[in-house]
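As a plain string of letters, each chain reads:
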Amino acid sequence: MKQKISTKKLVVAAMMAALTVVGSALRITLPLQVAGTTSFHLGNIMCALSGILLGPWLGGLAAGMGSAIYDMTNPMYIDECWITFLTKGAYGLAAGLVMWSGHRKLTYPKATLAAATGAVLYAVLYLAKGYFYDALFKEGIPAAAAWLTIVGKIPATVFNGVVAIIFAPMLAIAIHKALDRNHLTLE
C-alpha cells in the first residue's frame, strides 16, 4: 500500500530546506586553505531537525536539498553541491531513521539520539570526503599531509555536531508542542 504525502508535510519539508539554507549561510569560515574550507555554522541543526520532524525520507531530502542549494549560492562550494546533497541528506536520513524507528513518540532522549546519530554519520562522511576527495583527489597532496588537514577540520566538525545535538531536540520538542496546542500534526 502506497503512503500519500500530505500537502502540509511537503510544505514543511520545503520550509525545512529553506531553513537549512539560512542555517548554512549563518557561518564563520575558518582560514584553512589546504583541502577545502571548514566553518562553524547552524545548518547541521536544521539537518537533524528535518529528520526528527519529517522522518527519514522527507527529512533527508529537505536536509540534502537545503544544504545543496546553499552550496549553489556560494562560488566556493558550488562544485561540490552534489556531494553536500548526499552527505547532508544522509544526516537527515539517519536522524529520521532513529527518530521514526519503533514508536514514533517524540521524546527528548530519542530526539537527542537521532541528532547524535546523524551528527556522527555526517562527521565521518565529511571527514572522509575531506581526506579522499579534497586532499588526495583535488589537491593531490600526500596521504600523511592529508591526515593533517583532516585534523584541522575536526574541531569545527565536532562543534557543529554538538550544537546540533543540543539544539535540534529542543527545537523539535518546542515545535511539536506548538503543533499540538494548535491541533496540528505532520502526519
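Right above here is the structure, for reference.
No experiment lies behind these values; they were computed from the predicted model shown. (Residues numbered from 1 in each chain as written. Predicted model: local features only at pLDDT ≥ 70, side-chain atom pairs only at ≥ 80, totals over all residues. Heavy atoms only, no water.)

1. Structural notes on the pattern of salt bridges
At step 1: Evaluated as defined, the whole model comprises four salt bridges.
At step 2: Linking Asp79 and Lys138 is a salt bridge whose minimum nitrogen-to-oxygen distance equals 3.4 Å. In this pair, Asp79 sits in the loop between α3 (56-72) and α4 (81-99) while Lys138 sits in helix α5 (residues 108-139), placing the two residues 59 residues apart along the sequence.
At step 3: Given the relative accessible area of 38%, Lys138 is considered partly exposed.
At step 4: For Glu80, the salt bridge is made with Lys129, and the minimal N-O distance between the two is 2.5 Å. Residue Glu80 is found in the loop between α3 and α4, and its partner Lys129 is found in helix α5; the two are separated by 49 residues along the sequence.
At step 5: The exposure class assigned to Lys129 is buried, which follows from its relative accessible area of 15%.
At step 6: One continuous salt-bridge network, built from bridges that share partners, spans Asp79, Glu80, Lys129, Asp134 and Lys138. (Salt bridge = Lys/Arg side-chain N within 4 Å of Asp/Glu carboxyl O. Helix = DSSP H or I, 4+ residues; strand = E, 2+ residues; numbered from the N terminus. Buried < 20%, exposed > 50% of the residue type's maximum accessible area, 1.4 Å probe, protein only.)

2. Examining unusual backbone geometry
Most peptide bonds take the trans form, and the phi angle of most residues other than glycine is negative.
At step 1: Here the phi dihedral of His183 falls at roughly 55 degrees; this positive angle occurs in a residue that is not glycine.
At step 2: Tracing the backbone through its elements, the reader meets His183 in the segment after α6 (143-181).

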